[in-house]
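Each chain, letter by letter, is given below.
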Amino acid sequence: MSRPPVISERPPCRLYLITPPVIPDLAAFAHDLEAALDAGDVAALQIRLKDADDAAVLAAVAVLKPVAQARGVAVILNDRPDLAARAGCDGVHLGQSDGTVSAARTMMGRDAMIGVTCHDSRELAMDAAEAGADYVAFGAFFPTATKETVHRPDPEILTIWQETVEIPCVAIGGITAQTAGDLARAGADFVAVSAAVWSHPEGPAAGVRALDRALSANG
């Protein structure tokens, strides 16, 4: 009698941390980042400073990248593959208006991690996957004060993606410790959070611990 095929289990869902949109004091924030990263399992840090000029973005990367990389956390820069390559980041996250995956790959090299925002669209996600993206991001799943959002996908999009495509998917948008587990169960490989950590009433480390517990319970 032949044995049934072995289906490998999906790795546990992990935390993808995004910086606040404004960092007024880099030294103080680096201290908070150290505490947050030491508090639980964090896979990646996205430096997202939408309104900062190039010099401020590069200064932030110079301070925050060593903190993250010393702890095995990948450093992803939002929007700008040119600055990401210049600053030696591990990857870049592209919005739909931030250029192509192929152009980013040319700038950053074959080993760079390139993610793409795909809102609530499996079609956009498939296009990104076919173009060579390393992950796709769906959201916003919940209302968020971090950025203005229009798209509100159903968690089922994570389930369908997980069942049909190999590259990882990230859930983003208003996620808290109370909702992270549901999105992980739906199929998210990573949950991206910002305010749930940086605005936690007991501090960023407590925010990471709460999310870590929620994701560990799911696993």
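Only a predicted model underlies this, so the values are computations on that prediction, with no experimental measurement involved.

### A few points about the overall build of the chain
Along the backbone of the chain there are nine helices and eight strands. For 219 residues, the compact-globule estimate of 2.2 N^0.38 gives 17 Å, and the chain sits close to it at 17 Å. Dimensions of the chain, computed from C-alpha atoms along their principal axes, come out at roughly 65 × 40 × 35 Å. Counting only residues that meet the buried cut, the chain has 48% of its 219 residues in that class. Here the analysis covers contacts within the chain between residues at least 6 apart in sequence; of these, 57% occur between residues at least 24 apart. Accessible surface computed for the chain: about 11000 Å², of which carbon and sulfur atoms make up 52%. Averaging the coordinates of the 17 positive side-chain charges in the chain and doing the same for the 28 negative ones gives two points 3 Å apart.

### Re unusual backbone geometry
What is expected of a backbone is that most residues other than glycine have negative phi and most peptide bonds are trans. Cis peptide bonds are those with omega within 30 degrees of zero, and the linkage from glycine 139 to alanine 140 qualifies with 15 degrees. Tracing the chain through its elements places alanine 140 in the loop between strand E6 (135-139) and helix H6 (156-164). For aspartate 79, which is not glycine, the phi torsion reads 75 degrees and is therefore positive. Take aspartate 79: it is sitting in the loop between strand E3 (74-78) and helix H3 (81-87). On the basis of relative accessible area, aspartate 79 is assigned to the buried category, the value being 16%.

### Quick look at the nonpolar core
Side chains of a nonpolar character, in soluble globular proteins, are inclined to be buried together. Counting residues in each nonpolar core, the largest one holds 65 residues, and the members touching the most others are Leu17, Leu33, Val136, Phe138, Leu158 and Val191. If one sorts the elements of this core by residue count, helix H2 (residues 54-69) sits on top with seven residues. Beyond its immediate sequence surroundings of up to four residues, phenylalanine 138 is in contact with Cys118, His119, Ser121, Ala125, Pro153, Ile157, Leu158, Trp161, Cys169, Val170, Ala171 and Ile172. In terms of nonpolar packing, the next biggest core, distinct from the first, is built from nine residues, Ala74, Ile76, Tyr135 and Ala192 among them.

### Digging into helix H9 (residues 204-218)
In an α-helix, one full turn covers 3.6 residues, which means residues spaced three or four apart are oriented alike. When the terminal C-alpha atoms of H9 are compared, their 21 Å separation across 15 residues agrees well with the 21 Å that a helix rising 1.5 Å per residue should span. Residues of H9 that are buried make contact with strand E1 (14-18), helix H1 (26-38), strand E2 (42-47), helix H7 (177-186), strand E8 (190-193) and helix H8 (195-198).

### Overview of H6
All of the buried residues in H6 are Ile157, Leu158 and Trp161. Considered in projection along H6, the buried side chains sweep an arc of 100 degrees and stay on one side of the axis. Here the buried face of H6 lies against helix H5 (122-131), E6, strand E7 (169-172) and H7.

### Notes on the sheet that holds E3
Read around the barrel, eight strands follow the order E1-E2-E3-E4-E5-E6-E7-E8 and close on themselves; strand pairing throughout is parallel. The mean inter-strand angle of the sheet, taken between neighbouring strand axes irrespective of direction, is 25 degrees. Alignment of E6 against E7, held across four bridges, turns out to be parallel. Following the sheet pairing, phenylalanine 138 is matched in E7 by alanine 171.

Conventions we followed
- Residues numbered from 1 in each chain as written.
- Predicted model: local features only at pLDDT ≥ 70, side-chain atom pairs only at ≥ 80, totals over all residues.
- Heavy atoms only, no water.
- Helix = DSSP H or I, 4+ residues; strand = E, 2+ residues; numbered from the N terminus.
- Rg over C-alpha atoms; globule rule 2.2 N^0.38 Å.
- Buried < 20%, exposed > 50% of the residue type's maximum accessible area, 1.4 Å probe, protein only.
- Contact = heavy atoms within 4.5 Å.
- Areas by Shrake-Rupley, 256 points an atom, 1.4 Å probe, with all protein chains shown as cover.
- Lys, Arg positive; Asp, Glu negative; His and termini not counted.
- Charge placed at Lys NZ, Arg CZ, Asp CG, Glu CD.
- Core = buried A, V, L, I, M, F, W, Y, C linked by side-chain atoms within 4.5 Å.
- Expected span 1.5 Å × (residues − 1).
- Arc of directions from axis to C-beta.
- Pairing = 2+ DSSP bridges.
- Axes fitted to C-alpha atoms, helices over the stretch in contact; angles between N-to-C directions.

What is shown is where atoms sit, not what they do.
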